[in-house]
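# Descriptive analysis of the structure
Now for the letters of each chain:
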Amino acid sequence: MANITITYGKYHIPAYVAGEESKRAGVILIHEVWGLNKNIRSLTDRLAAEGYLVLAPDLISQTGITEKIDQSILAEAANPATRDETQKKMRAIMSPIRSEEFGRETVERLKICFNYLMQEYKLEKIAAMGFCFGGTYSFSLAVNESTLAAAIPFYGHAPEKEEELAKISCPIMAFYGEKDTALVQDLPRLQMSMKKLNKDFRFKVYPNTGHAFMNDTNPTTYNKKAADDAWKEALQFLKEHL
């Protein structure tokens, strides 16, 4: 376990890495919008304990937003009395990560991380796993890295355009909470597109479960039953493809 910085060109990417260097399979673990925090480090360690070399890059600290938010905002967003005002505050805070430029640079950072693992550790296969923000960018990395072995997005947004989905060459296993309405309502469209494009796309939706159900540091969203099952399914998926 170590904190490192990956430097390539103009990019300086802080990251947390765990697992034995002798491993031949690796996972890029992509954080939620809260950044590379205690929860993500814990998940990195859990995955490393399963026999993978795991790299968790910090993709947003350079924007300054991690200094302005913490998970108490989720509790405020869940409270009807403070929800509207909190959502306005969140939109303002998150504006730096909504730009197309940020999206392009984040994919570039992830590709740098992918190449770093391949070159530094001589890994044979690498998968991506991500949560919320990280789930979205797990899809993005699958679109933009043709040699990615597998992707496991937890409650992330998939690309809307079929020409983007057509670039995916790895199998994908996605997880959702039934109460995560926008994502779940989009699933039929995504499933139909993936089937049309002959992509290996599987997903699981957990009933009576909302967004961020894997985050055991947030009692507002955590669902132990769903989290335990999804973790077991994710490990099995990794075992199949790594």
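Our structure is the block above this text.
This structure is a prediction, so every number in the text was calculated from the model and none was measured. (Residues numbered from 1 in each chain as written. Predicted model: local features only at pLDDT ≥ 70, side-chain atom pairs only at ≥ 80, totals over all residues. Heavy atoms only, no water.)

### Concerning the packing of aromatic side chains
The criterion, for reference: For Phe, Tyr and Trp, where Trp contributes only its six-membered ring, two rings pair if their centres lie within 6.5 Å, and the inter-plane angle classes them as stacked under 30 degrees, edge-to-face over 60, or tilted in between. Accessible area is worked out with a 1.4 Å probe on protein chains only. A residue is then buried under 20% of its type maximum, exposed over 50%, and partly exposed in between. Any Lys NZ or Arg CZ found within 6 Å of a ring centre and within 35 degrees of that ring's normal is scored as a charge over the ring.
The tally for this structure, following the rule as stated, stands at eleven aromatic pairs. Ring geometry for Tyr116 against Tyr121: centres 6.0 Å apart, planes inclined by 80°, an arrangement best described as edge-to-face. Given a relative accessible area of 10%, Tyr121 falls into the buried group. Among the aromatic residues, those joined into a ring-pair cluster are Phe131, Phe154, Tyr155, Phe175, Tyr206 and Phe213. Here the guanidinium or amino end of Arg41 rests over the ring plane of Tyr16, the centre of that ring lying 4.9 Å away. Arg46 extends its terminal NZ or CZ atom over the ring of Trp231, reaching a point 4.2 Å from the ring centre.

### Remarks on the pattern of salt bridges
Selection criterion: By definition here, a salt bridge exists when the distance from a side-chain nitrogen of Lys or Arg to a carboxyl oxygen of Asp or Glu is within 4 Å. Here a strand is any run of E in DSSP of at least two residues, a helix any run of H or I of at least four, and the numbering for each starts at the N terminus.
If you walk through the whole model with that rule in mind, you get ten salt bridges. Two residues, Lys204 and Asp229, come together in a salt bridge whose shortest N-O distance is 2.8 Å. Here Lys204, found in strand S8 (residues 201-206), pairs with Asp229, found in helix H8 (residues 224-241); they are 25 residues apart in sequence, far enough to count as distant. On the basis of relative accessible area, Lys204 is assigned to the partly exposed category, the value being 27%. For Glu233, the salt bridge is made with Lys204, and the minimal N-O distance between the two is 3.1 Å. Pair noted here: Glu233 is in helix H8 and Lys204 is in strand S8, with a separation of 29 residues, a long-range link.

### Description of the pairing of strand S4 (residues 53-57)
Put simply, the rule reads: If DSSP finds at least two bridges between two strands, the strands pair. With the strands pointing away from the viewer, any crossover whose connection runs clockwise from the first strand over the helix to the second is right-handed.
The buried count for S4 comes to five of five residues, which makes it a mostly enclosed element. The two faces of S4 match: Leu53, Leu55 and Pro57 on one face and Val54 and Ala56 on the other face are all buried. Where strand S2 (residues 11-18) lies against S4, four bridges are found, and the strand directions are antiparallel. Bridged to Tyr16 within S4 is Ala56. As judged from the three bridges shared by strand S3 (residues 25-30) and S4, these two strands associate in the parallel manner. Residue pairing across strands places Val27 opposite Val54, the latter belonging to S4. Viewed along the sheet, the connection from S3 through helix H1 (residues 38-48) into S4 turns out right-handed.

### Quick notes on the side chain of Thr106
Looking at the secondary structure, you find Thr106 in helix H4 (residues 100-121). Exposure remark for Thr106: the relative accessible area of 0% places this residue in the buried category.

### With respect to the sheet that holds S3
Put simply, the rule reads: For helices, the fitted line uses only the C-alpha atoms of the stretch in contact; every axis is such a line through C-alpha atoms, and the angle between N-to-C directions lies from 0 to 180 degrees. We call two residues in contact when some of their heavy atoms are within 4.5 Å.
Strands sit in the order S1-S2-S4-S3-S5-S6-S7-S8 across an open sheet of eight strands; the sheet is mixed. Edge positions in the sheet fall to strand S1 (2-8) and S8, since each of these pairs with one other strand and no more. With strand direction ignored, the average angle separating the axes of adjacent strands in the sheet is 20°. Pairing of S1 with S2, which is carried by seven bridges, proceeds in the antiparallel orientation. Following the sheet pairing, Tyr8 is matched in S2 by Tyr11. Running at roughly 160° to S8, helix H7 (residues 181-196) makes contact with strand S7 (172-177) and S8 of the sheet.

### Here's the deal with the environment of Leu197
Mapped onto the elements, Leu197 comes out in the loop between H7 and S8. In the structure, Leu197 is positioned 141 residues away from Ala56 in sequence and 30 Å away in space, judged by C-alpha atoms. Filtering out sequence-adjacent residues up to four positions away, Leu197 remains in contact with Glu162, Leu165 and Ala166.

### Here's the deal with the packing of H4 against helix H5 (residues 133-144)
The geometry of a pair of packed helices is captured by two quantities: the angle between their axes and the separation between those axes. In plain terms, the rule: Note that the term roughly parallel is reserved for angles under 35 degrees, roughly antiparallel for angles over 145, roughly perpendicular for angles of 65 to 115, and oblique for everything else. Each residue gets one label: Ala, Val, Leu, Ile, Met, Phe, Trp, Tyr, Cys and Pro are nonpolar, Asp, Glu, Lys and Arg are charged, and the others, such as Gly, are polar.
Contact geometry for H4 and H5: axes closest at 10 Å, N-to-C directions at 70°. Considering the angle they form, H4 stands roughly perpendicular to H5. Listed contacts from H5 to Phe102, Gly103, Thr106, Val107, Leu110 and Lys111 of H4 are Phe133, Tyr137, Ser140, Leu141 and Asn144. Class assignment for the residues of the contact of H4 with H5 results in six nonpolar, four polar and one charged.

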